[in-house]
Amino acid sequence: MYGTEILDLKQTSEFEWKAKYQGNYGVYTIKITTDGKKTKRFSCTCPSDYSPCKHISMIENAIAQKLSECKKSKKGSELRIEDFIGNISVERLREFIITQTKYNIDFYNAVFLEFSANTRNNIGNIYSKIIQKSLASVPDYDDDCYIDECMDIDVLDQWYDKAKEYIRKKQYNEALLICKACIEEYSQWLYNIGKNSVLIYSLEYQSVFFDIIIDAIEYFNKKELFNYCISEMKKKKYAGTDFYHEFNRLLETLAVTVDPDAYIALQDKLLAGIKDKSSDEAETILRRKINFFRRIDQKSKAWSLIRENIQIESFRLKVVKKKIEKQNFGIAKKLINDFLNNRKGSEKKYFDETWNGLLLEIAPKRE
């Protein structure tokens, strides 16, 4: 049908397509969203610097070919499913669906994808249980298993698409419930199978559901969502994962209007628990505070944090450049030399192009 390089091509929803392509550097995953005619969004995991890469047009052509062949196959005397099931009783269909969901996890997920919102008010919020069961069917790989690319998880792709669909339909509460369930259940699943397995699956699943929430943030109860983040972040399953950083990103967005002081207090508490204030972890927290102060238009506080924490190399560099800009060459030179002299062990053996370059820059300018 389509080129042999295309290993798999399937339609995951009315306007969503997903393909696997055998490329020069492994198997690439291509996702395309259409409006029924034209491509609206696309992504490809290939290493190409071009956007769109050549694989997008290849998959678009393959989609067009597949749709054309499906259209041709429907012509003639083919029995239509609509006519066929019209002669089957509702009870027989119900029994068939129940039986299929017991033995076919894809069909099970498809049923809930379609009808969960209609029944949720009657039997409670079931998204977490549905996603938990579906994730249980995802293959788990041994720590020693070699995988040449990050694996996709179809069930999460499907629920991501469903959440986006609810946003388009302005059913924001349903979208939020799905996002929360995916975040909570996927993080727990990864925690249960072990941290080494995290590297096997695409990291995008740790961020995309937060993206949906942030993009539609104005339609949610911000105070409730803020408290949800604070409560959820305390769970150990998020420690050291991208989920934890994403919760902080969501909190920052919410805190602007909900409780700026509470957000800063949280970051201060996290920073106080770190012994090495020059570590990457400390820098991450300080950057959160700096970005937040800038976001709420408190730029002087942001700059004070940079000046007060020159044990962080990138912060020291900003201060040095500011001193050079203001022609405070003596102070700039001292800041540079202090950094170079305080380097530890083997670090002293290496010529530092950045810092020595700045010394050469200011040398002829000093009296």
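Right above here is the structure, for reference.
Think of each chain on its own: its residues are numbered from 1, step by step along the sequence as written. Reporting of local features is limited, given that this is a predicted model, to residues whose pLDDT is at least 70; pairs of side-chain atoms are given and counted only at 80 or more, and all residues count toward the totals for whole chains, interfaces and linings. Working from all heavy atoms in the structure, the side-chain values ignore hydrogens and water.

Section: the packing of aromatic side chains
So, point 1. The rule is short: rings of Phe, Tyr and Trp, with Trp giving its six-membered ring, pair when the centres are within 6.5 Å, and they are stacked under 30 degrees, edge-to-face over 60, tilted in between. Taken as a whole, this structure holds 13 aromatic pairs when the rule is applied.
So, point 2. The interplanar angle of 65° and the centroid separation of 5.9 Å between the aromatic rings of tyrosine 186 and phenylalanine 243 together place this pair among those described as edge-to-face. Taken together, the residues tyrosine 186 in helix 7 (residues 172–193) and phenylalanine 243 in helix 10 (residues 242–255) connect sequence positions 57 residues apart. Here tyrosine 186 and phenylalanine 243 have matching classes, each one buried.
So, point 3. The residue whose ring lies beneath lysine 322 is tryptophan 303, and the NZ or CZ to ring-centre distance is 5.6 Å. Only DSSP runs of H or I reaching four residues or more are called helices, and only runs of E reaching two or more are called strands; each is numbered from the N terminus. In this scheme, a residue with accessible area under 20% of its type's maximum is buried, one over 50% is exposed, and one in between is partly exposed, where area comes from a 1.4 Å probe on protein chains only. Think of it as a cone above the ring: NZ of Lys or CZ of Arg counts as a charge over the ring if it is within 6 Å of the ring centre and within 35 degrees of the ring normal.

Some words on the side chain of glutamine 206
So, point 1. In this structure, glutamine 206 sits in the loop between helix 7 and helix 8 (208–215).
So, point 2. Residue glutamine 206 is classed as buried on the basis of its relative accessible area of 3%.
So, point 3. Here the side chain of glutamine 206 touches phenylalanine 243 through a polar contact of 3.3 Å, landing on its backbone nitrogen. In protein, a polar contact requires one atom able to donate a hydrogen and another able to accept it; more generally it is a pair of N or O atoms within 3.5 Å, and residues adjacent in sequence count only if both atoms are side-chain atoms.

Some thoughts on the environment of leucine 177
So, point 1. Here leucine 177 shows up in helix 7.
So, point 2. By relative accessible area, leucine 177 is classed as buried at 16%.
So, point 3. Here the alpha-carbon distance between leucine 177 and alanine 163, two residues 14 residues apart in the chain, equals 8.7 Å.

Things to note about the sheet that holds strand 4 (residues 39–44)
So, point 1. Paired strands are those between which DSSP finds at least two bridges. Within the open sheet, the four strands sit side by side as 1-2-3-4. Their pairing is antiparallel. The open sheet has two edge strands, strand 1 (6–13) and strand 4, and neither has a second partner. With strand direction ignored, the average angle separating the axes of adjacent strands in the sheet is 15°.
So, point 2. As paired elements, strand 2 (residues 16–23) and strand 3 (residues 26–34) share eight bridges and run antiparallel to each other. Pairing of glycine 23 across the sheet is with glycine 26, part of strand 3. Fitting a line to C-alpha atoms yields each axis, with helices limited to the stretch in contact; the angle taken between N-to-C directions then spans 0 to 180 degrees.

Here we look at the packing of helix 9 (residues 222–233) against helix 10
So, point 1. For the pair helix 9 and helix 10, interaxial distance at closest approach is 10 Å and the crossing angle is 150°. As the angle between them shows, helix 9 and helix 10 are arranged roughly antiparallel. For the pair helix 9 and helix 10, the crossing hand works out as left-handed. Here Lys222, Leu225, Phe226, Tyr228, Cys229, Ile230, Glu232 and Met233 of helix 9 lie close against helix 10, whose contacting residues are Tyr244, Phe247, Asn248, Leu250, Leu251, Leu254 and Ala255.
So, point 2. Note on residue categories: nonpolar means Ala, Val, Leu, Ile, Met, Phe, Trp, Tyr, Cys or Pro, charged means Asp, Glu, Lys or Arg, and polar means any other residue, Gly included. Class assignment of the residues belonging to the contact of helix 9 with helix 10 gives a composition of twelve nonpolar, one polar and two charged. Roughly parallel means an angle under 35 degrees; roughly antiparallel, over 145; roughly perpendicular, 65 to 115; everything else is oblique. Handedness of each helix crossing follows the sense of rotation of the near helix against the far helix: counterclockwise by less than a right angle gives left-handed, clockwise gives right-handed. Throughout, a contact is declared for two residues whenever any of their heavy atoms are within 4.5 Å.

A closer look at helix 14 (residues 313–325)
So, point 1. To estimate the expected span of a helix, subtract one from its residue number and multiply by 1.5 Å. An ideal rise of 1.5 Å per residue puts 18 Å on 13 residues; helix 14 measures up with 18 Å between its terminal C-alpha atoms.
So, point 2. Here helix 14 has its buried residues at Phe315, Arg316, Leu317, Val319, Val320 and Ile324.
So, point 3. Looking at the buried residues of helix 14, the elements they touch are helix 12 (280–295), helix 13 (299–308), helix 15 (329–341) and helix 16 (353–362).
So, point 4. Positive backbone phi, at 65°, marks glutamine 327, one or two positions downstream of helix 14.

Topic: helix 12
So, point 1. Between the first and last C-alpha of helix 12 there are 22 Å, a value that for 16 residues agrees with the 22 Å anticipated at 1.5 Å per step.
So, point 2. The complete set of buried residues in helix 12 reads Ala282, Glu283, Ile285, Leu286, Arg288, Lys289, Ile290, Phe292 and Phe293.
So, point 3. At its buried positions, helix 12 is contacted by helix 10, helix 11 (260–272), helix 13 and helix 14.
So, point 4. Aspartate 297 sits one or two positions beyond helix 12 and adopts a positive phi of about 65°.

Some thoughts on a positive patch on the surface
So, point 1. Exposure above 30% relative accessible area and the absence of a salt bridge qualify a residue for a patch, where like charges join within 9 Å and nonpolar side chains (Val, Leu, Ile, Met, Phe, Trp, Tyr) within 5 Å. Each accessible area is a Shrake-Rupley result for a 1.4 Å probe, and residues are judged covered by the shown protein chains and nothing else. A pairing counts as a salt bridge when a side-chain nitrogen of Lys or Arg comes within 4 Å of a carboxyl oxygen of Asp or Glu. Positive charges come from Lys and Arg alone, negative charges from Asp and Glu alone, with His and the N- and C-terminal ends not counted. Each charge is placed at NZ for Lys, CZ for Arg, CG for Asp and CD for Glu. Where like charges cluster on the molecular surface, the positive patch consists of Arg294, Lys299, Lys318 and Lys321.
So, point 2. Its location among the elements puts lysine 299 in helix 13.
So, point 3. What makes lysine 299 exposed here is its relative accessible area of 56%.

A word on the side chain of asparagine 309
So, point 1. Along the chain, asparagine 309 turns up in the loop between helix 13 and helix 14.
So, point 2. From its side chain, asparagine 309 meets the backbone oxygen of leucine 305 in a polar contact 2.8 Å long.
So, point 3. At 3.0 Å, the side chain of asparagine 309 forms a polar contact with the side chain of glutamine 311.
So, point 4. If we ignore the near neighbours within four places in the chain, the residues touching asparagine 309 are Leu286 and Phe315.

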